[in-house]
Amino acid sequence: FTEKKKAFEQDFLKSRQTVMTKSSELDTARKQALAELQKHIAKISADVAKEKKLEIIIDRQFVILAEEGMDISADVMAKLNAAVKTIPISSGKK
């Protein structure tokens with residue numbers, strides 16, 4: 001019984017370590033993909049702002065009240081969807 005218990009505990013610890021490693025790799029890949037998407041959003045936002053001759057872009061979460069015509073979100077999303085079809089996700093393995 002003691003040997004079986006010890007083997008089970010070792011298997012459990014090995015499985016737990018594998019899950020933790022995979023979770024960490026997934027989190028890293030998610031962060032890298034999000035950073036890549038944010039680069040595209042920043043560039044396209046700057047392009048739209050230049051087209052519309054805007055001098056500043058403020059994230060919607062920081063705006064309490066604004067004229068509807070000042071919102072460039074739809075323009076940015078349309079250009080983002082046209083320009084970026086996929087974001088590669090690295091598995092972290094080499």
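Scroll up to find the structure.
What counts, and at which threshold
- Residues numbered from 1 in each chain as written.
- Predicted model: local features only at pLDDT ≥ 70, side-chain atom pairs only at ≥ 80, totals over all residues.
- Heavy atoms only, no water.
- Helix = DSSP H or I, 4+ residues; strand = E, 2+ residues; numbered from the N terminus.
- Contact = heavy atoms within 4.5 Å.
- Buried < 20%, exposed > 50% of the residue type's maximum accessible area, 1.4 Å probe, protein only.
- Expected span 1.5 Å × (residues − 1).
- Patch = residues over 30% accessible without salt bridge, like charges linked within 9 Å, V, L, I, M, F, W, Y side chains within 5 Å.
- Areas by Shrake-Rupley, 256 points an atom, 1.4 Å probe, with all protein chains shown as cover.
- Salt bridge = Lys/Arg side-chain N within 4 Å of Asp/Glu carboxyl O.

Mapping Ser45 onto the fold places it in helix H1 (residues 2-51). When residues no more than four places from it in sequence are discounted, the contact partners of Ser45 are Ile57, Ile72 and Val76.

Right, let's talk about the environment of Ala42 for a bit. Its location among the elements puts Ala42 in helix H1. Under the relative-accessibility criterion, Ala42 is labelled partly exposed at 47%. Residues Ala42 and Ile57, spaced 15 residues apart in sequence, show a C-alpha to C-alpha distance of 10 Å.

Moving on, we come to H1. Its 50 residues give H1 an end-to-end C-alpha distance of 73 Å, which sits within 8% of 74 Å, the value for a rise of 1.5 Å per residue. When H1 is considered as a whole, its buried residues turn out to be Ala29, Ala33, Ile44, Ser45, Val48 and Ala49. Phi for Lys53, located one or two positions after H1, is positive at around 60°.

The grouping of Ile56, Ile58, Phe62 and Val63 at the surface amounts to a nonpolar patch, some 420 Å² of accessible area in total. Among the structural elements, Ile58 can be located in the loop between H1 and helix H2 (73-83).

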